[in-house]
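Breakdown of the fold
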Protein chains: 2
Amino acid sequence: MTTAQEPSQGSSEASHRAVPHMSTDEFRRRGKEMVDWIADYIDRLNGPGTERPPVMAQVEPGQVYRSLPVHPPSEGEPWEAIAADIDRLVMPGVTHWQSPGFFGYFPANTCFPALLGDMLSSGLGVQGFLWHTCPSLTEVEMRVTDWLAQLIGLPASFTIEGSDKRGGGVIQSTASDAALVAMLAARERAPSIGAPTPTTGGPRLIAYTSTQAHSSIVKAAMISGVGRDNVRLIDTDEDLAMDASQLARQVRADRDAGHVPFFVSSTVGTTSTGAIDPVRTIGELTQREGMWHHIDAAYAGSALVCEEFRWMVDGWELADTFNFNPHKWMMTNFDCSVLWTRDRESITGALSITPEYLRNRASDEGLVIDYRDWQAPLGRRFRALKLWFVIRHYGADGLKAFIREHVRLAALFAELVGDDHRFELVGKRELGLVCFRLRDGSDEETKALMQRCNDTGRILLTHTVVPVGPAREERFVIRVSIGSTYVTEQAVRDAWDVISGTV
Amino acid sequence: MTTAQEPSQGSSEASHRAVPHMSTDEFRRRGKEMVDWIADYIDRLNGPGTERPPVMAQVEPGQVYRSLPVHPPSEGEPWEAIAADIDRLVMPGVTHWQSPGFFGYFPANTCFPALLGDMLSSGLGVQGFLWHTCPSLTEVEMRVTDWLAQLIGLPASFTIEGSDKRGGGVIQSTASDAALVAMLAARERAPSIGAPTPTTGGPRLIAYTSTQAHSSIVKAAMISGVGRDNVRLIDTDEDLAMDASQLARQVRADRDAGHVPFFVSSTVGTTSTGAIDPVRTIGELTQREGMWHHIDAAYAGSALVCEEFRWMVDGWELADTFNFNPHKWMMTNFDCSVLWTRDRESITGALSITPEYLRNRASDEGLVIDYRDWQAPLGRRFRALKLWFVIRHYGADGLKAFIREHVRLAALFAELVGDDHRFELVGKRELGLVCFRLRDGSDEETKALMQRCNDTGRILLTHTVVPVGPAREERFVIRVSIGSTYVTEQAVRDAWDVISGTV
């Protein structure tokens, strides 16, 4: 226990000495080493290709697990031993999401100001489930979600400041959590019916989203008890956007069958191809039908800082909830998924419990927000700090430049693919996601190509399966998602070299 | 935009220059300043009383919100301006959960090794929803939850290693999430019935917990659609532990009424008073009745590192899920709530969705764990690092010493209260939580005493309302929860001085 030391102050009893806390002096040293480790890591990811680790981890299942001792230590270990195992045991099994060669999934990018915000949040170690458990946690979050609403042009009815206490924003952990909260609020506001018994076949609550929507919508229905079978997956048009006329027909058919259509989740920027559902048409329908309209813009929402992309959300003033993840494409490291609502009462109605030990008089009087009633979990850390730092460090102009550069690189990449007769582009690219396949190849060949590209270790690509062409046949499609914080034109051209040279 | 600089490497295009990233060199500087800020903060909290900030934030509702500009900046701001606002705008509204004078709620303590782990997690910025998105994230979590199971003596049937692929541990965000997952798994395993319609009154799934259980159990029922009305709150005995015979009678009555009892959550260490439900008796009942038994030991679980407290969980081998929060009393900063199960198939059955873009062949073959199917959200960060660092830094011996010291201090505090005729102790103290009230005072007087103590700024106390005495009359009770990382005997004696001198 060589590093076991007293905290530098505040402990005088012998019994306390037995607890081997790391001293603040040692933390100063180890913390600074960790800062340098992180900076070195980011530099290495952005350095010459020869120094970069393979983007995808090169380990076998079980390899890391088996490399770790079966039993925990009885005595504490010196920090040097722990730190050495980061490089020795952990790093070989790390897939490098922050690498400029990472083009998989959607980004989960970070930046240094966000890291500083997260350090501060951890260091403060405060809880914000009730306003008074840490007023700054709640009120910085109120202000920063208002700021972010302004940055993306969200109508004021969704903000704390502009909504006369009827709307506002809250940081959730993920878009899955946000979708669940939206569905619960929708259920709260829906006409009261019981769920059916298999035998009686009574009226059912029906939710709607497109075949291209994220799996989190179905998962929210599974969790909430609405039920997987009561989610209608609406077909898409040739651009893979929800077919609003089919949605209208399905809602009508469900009403005719005695059911209660209560919730539509439209997607702005689908996971598979970045498709954009017709938000206004869907919003007009949900208003007419008294349904809840949730907009899932988990990925694409960040692009709304640029005015030229706001056509994507035309009609969002008719929605009930809007969600996007600054932890995807706005450099605010995970977790940070912002949900705004115009109807906070339905959310708190669905989620508020108030036992005595959590009672907050100020809240009873409506003076403050208790965010525990806006989310499924009780506890919550000070996540607004990292978002506050990102917005202040970059400013609106910096965030716009960031998004525009990625969209420019995606357009460039799409052009490279489009100019090569061996490939065909799939879907309609609007932002940073480019989808393509081998024009004359089988799905197996496209898949094998992706695999060979990933095996080079220079890039990481992922795939999807979507209806392609006039026949709308389901095909294997490679996705290139451009959104890594430090992605460069060179990195994109390198990716193309790998792909085009690997066919 | 004075700090807008290039990352030190990796960007050559003019267009990229427009994005004002913080350079790695600046991050090295600012990150180290942040480390010092955090160390200074912890030193100040542990320093002489005159230097300590008031434990509870002294701001009015809306004060912090209004102190922040209404609009976000167009241009980025220099780091100096951002950092200055931490002390100027944020800190006045911070309630100091890490202060040795914080005795509220349950602790949400932290330590330096955990902070280092969280820094590393943020710096890596990896996602672990599927095994291959970051194998180390998943496999360190598998190993560390196994370690923690050994440390608390949890039967091997709950571990990855010891369960023949039927059990294992997973890090959830909060105990609320863990309870929700357990309830969903229970629903998955329950005999298939529909929920009732109000008109038909069909069979219902019924969940059970005690009147003293945490609100998260009722909230899980609300979220999952089981319904608040289908949670039976079982009365407690004089120690405020669940009355198992009443539970058995209620289960019988519900079966007789045609309902389906499916889930019991027992509490080891209730939030109000730290009461311990009879785990074995409840487990025997749930086994006989084919119900799911979830054990919520969110707070008390940390104490199980000490063998002398394991009587509290006698019979836990009969449970289906066991949960505790290292982010409460094991210094692993929020969020870190570990859930173990002996029946992982019911969990993944309740939560698995598998669209093509998330498919993982290795998982189909059972070679790896995809933790997205063990939780409600999809995304997940590398939370196992901080827990790994805590266990390695302290070792089993250090963690035991930590818990024992707090329990010793709680016993000391209870003795001080018990020796003062003006007070009466409430409930049965086992661990770090001491509850008491004014012996001859009204609830209003006890409440006013607590308020005056908090107003001194030297300590923070919270309260509950529980049945007291033979009459089991609901009374206002002050809670003193001892669990701050650096709490000392002096801090506890100071707290007593404040309380006894304020009556």
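All values reported here derive from a predicted model rather than from experimental measurement.

With that out of the way, let us pick up the relation of the copies chain B and chain A. Here the second copy of the chain follows from the first by a rotation about an axis and a shift along it. Each copy of the sequence occupies a distinct position, and chain B is placed on chain A by a rotation of 180° and an axial shift of 0.0 Å, giving an RMSD of 0.0 Å. Given the turn and translation reported, the copies of this chain are related as if by a two-fold rotation axis.

Before going further, it helps to examine the pairing of strand E4 (residues 260-267) of chain B. Residues and elements named next belong to chain B. Of all 8 residues that make up E4, 8 are buried, and the element is covered over most of its length. Sheet topology places strand E2 (residues 205-210) next to E4; 4 bridges connect them, and they run parallel. When the bridges of E4 are listed, Tyr 208 appears paired with Val 264. Here 5 bridges tie E4 to strand E5 (residues 292-296), and the two strands are oriented parallel to one another. Counterpart to Ser 265 in the pairing with E5 is His 294. In this region the chain leaves E4, passes through helix H10 (residues 279-289) and returns to the parallel neighbour E5; the handedness of that crossover is right-handed.

With that out of the way, let us pick up the environment of Asp 397 of chain B. As for its position among the elements, Asp 397 of chain B is in helix H14 (residues 384-418). Residue classification places Asp 397 of chain B among the partly exposed positions, given a relative accessible area of 36%. Between the C-alpha atoms of Asp 397 of chain B and Met 312 of chain B, which are 85 residues apart in sequence, the distance is 20 Å. The contacts of Asp 397 of chain B, once residues within four sequence positions are left out, are Ser 74 and Glu 75 of chain A.

What follows concerns the environment of Leu 438 of chain B. Residue and element names in this part refer to chain B. As for its position among the elements, Leu 438 is in strand E9 (residues 433-438). In this structure Leu 438 comes out as buried when scored by relative accessible area, which is 10%. As a C-alpha pair, Leu 438 and Ile 478 span 40 residues in sequence and 9.2 Å in three-dimensional space. In this structure Leu 438 touches Arg 422, Phe 423, Glu 445, Thr 446, Leu 449 and Val 503, once residues within four positions along its chain are discounted.

Moving on to the side chain of Thr 485 of chain B. Positionally, Thr 485 of chain B belongs in the loop between strand E11 (473-481) and helix H16 (489-502). Within the local environment of Thr 485 of chain B, its side chain forms a polar contact with the backbone oxygen of Thr 110 of chain B, the two atoms lying 2.5 Å apart.

This part takes up the sheet that holds strand E9 (residues 433-438) of chain A. Note: strands within a sheet are paired through backbone hydrogen bonds, in either parallel or antiparallel orientation. Residue and element names in this part refer to chain A. Spatially, the 4 strands line up as an open sheet ordered E8-E9-E11-E10, and their pairing is antiparallel. Sheet topology places strand E8 (423-426) and strand E10 (462-468) at the edges, where each strand pairs with a single neighbour. Sheet twist, expressed as the mean angle between neighbouring strand axes with direction ignored, is 45°. Note: E10 against strand E11 (residues 473-481), 7 bridges, orientation antiparallel. Residue pairing for E11: Val 468 is matched across the bridge by Glu 473.

Interface size is commonly expressed as the accessible surface area that is lost when the partners come together. In this complex, chain B contributes 170 residues to the contact, which on the side of chain A involves 169 residues. For the pair chain B and chain A, the summed buried surface comes to about 14900 Å²; carbon and sulfur atoms form 63% of the total. Along the contact surface separating chain B from chain A lie 14 salt bridges. Among the salt bridges present, the one from Asp 40 of chain A reaches Arg 28 of chain B, with a minimum N-O distance of 2.7 Å.

We now examine unusual backbone geometry. Along the chain, Phe 334 of chain A connects to Asp 335 of chain A via a cis peptide bond; the corresponding omega equals 5°. Positive phi values are uncommon outside glycine, yet Lys 165 of chain B reaches one of about 65°. Looking at the secondary structure, you find Lys 165 of chain B in the loop between helix H6 (135-152) and strand E1 (168-172). For Met 331 of chain B, which is not a glycine, the phi torsion comes out positive at approximately 65°. Here Met 331 of chain B is to be found in the loop between helix H11 (326-329) and strand E7 (337-341).

This part is about the side chain of Ser 481 of chain A. Residue position: Ser 481 of chain A is located in strand E11. If sequence neighbours within four positions are ignored, Ser 481 of chain A has contacts with Phe 102, Phe 103, Gly 104, Tyr 105, Phe 106, Pro 107, Gly 432 and Leu 433 of chain A.

This next bit is on the domain arrangement of chain A. Residues and elements named next belong to chain A. Taken domain by domain, chain A comprises domain 1 (117-391) and domain 2 (396-502). With centres defined by C-alpha atoms, the gap from domain 1 to domain 2 works out at 30 Å. Listed per partner, the contact involves 28 residues of domain 1 and 22 residues of domain 2. Summed over both sides, the interface between domain 1 and domain 2 buries roughly 2200 Å², with carbon and sulfur atoms accounting for 65% of that surface. For the domain 1 face of the interface with domain 2, the top three residues by lost area are Thr 273, Trp 329 and Met 331, together amounting to 27%. One can count 4 salt bridges joining domain 1 with domain 2. Two residues, Asp 239 and Lys 428, come together in a salt bridge whose shortest N-O distance is 4.0 Å.

Rules behind the numbers
- Per chain, residue numbering runs from 1 following the sequence as it is written.
- By the order in which they are written, chains take letters starting at A while ligands take numbers starting at 1.
- In keeping with the predicted nature of the model, local features appear solely for residues at pLDDT of at least 70, side-chain atom pairs appear and are counted solely at 80 or more, and the whole-chain, interface and lining totals rest on all residues.
- The side-chain values count all of the structure's non-hydrogen atoms but skip hydrogen atoms and water molecules.
- The copies were overlaid by least squares, fitting only the C-alpha atoms of residues that reach a pLDDT of 70 or more in each copy.
- Between buried and exposed lies partly exposed: a residue is buried under 20% and exposed over 50% of the maximum accessible area for its type, with that area taken using a 1.4 Å probe on protein chains only.
- Strands here are runs of E lasting at least two residues and helices are runs of H or I lasting at least four, both read from the DSSP assignment and numbered beginning at the N terminus.
- Pairs of strands are assigned from DSSP output, requiring at least two bridges between the strands.
- The handedness of a crossover follows from its direction of travel: if, with the strands pointing away from the viewer, the path from the first strand over the helix to the second runs clockwise, the crossover is right-handed.
- Residues count as neighbours in contact if any of their non-hydrogen atoms are within 4.5 Å of one another.
- Side-chain atoms alone can form a polar contact between residues adjacent in sequence; in general such a contact is a pair of N or O atoms within 3.5 Å, and within protein one must be able to donate a hydrogen while the other accepts it.
- Note on geometry: axes are lines fitted to C-alpha atoms, helical ones only across the stretch in contact, with angles between N-to-C directions running from 0 to 180 degrees.
- Reported buried area values correspond to the accessible surface (1.4 Å probe) lost by two parts on association, with both partners' losses combined.
- When a carboxyl oxygen of Asp or Glu is within 4 Å of a side-chain nitrogen of Lys or Arg, the pair counts as a salt bridge.
- Where each domain begins and ends is defined by an automated method or by a domain database.

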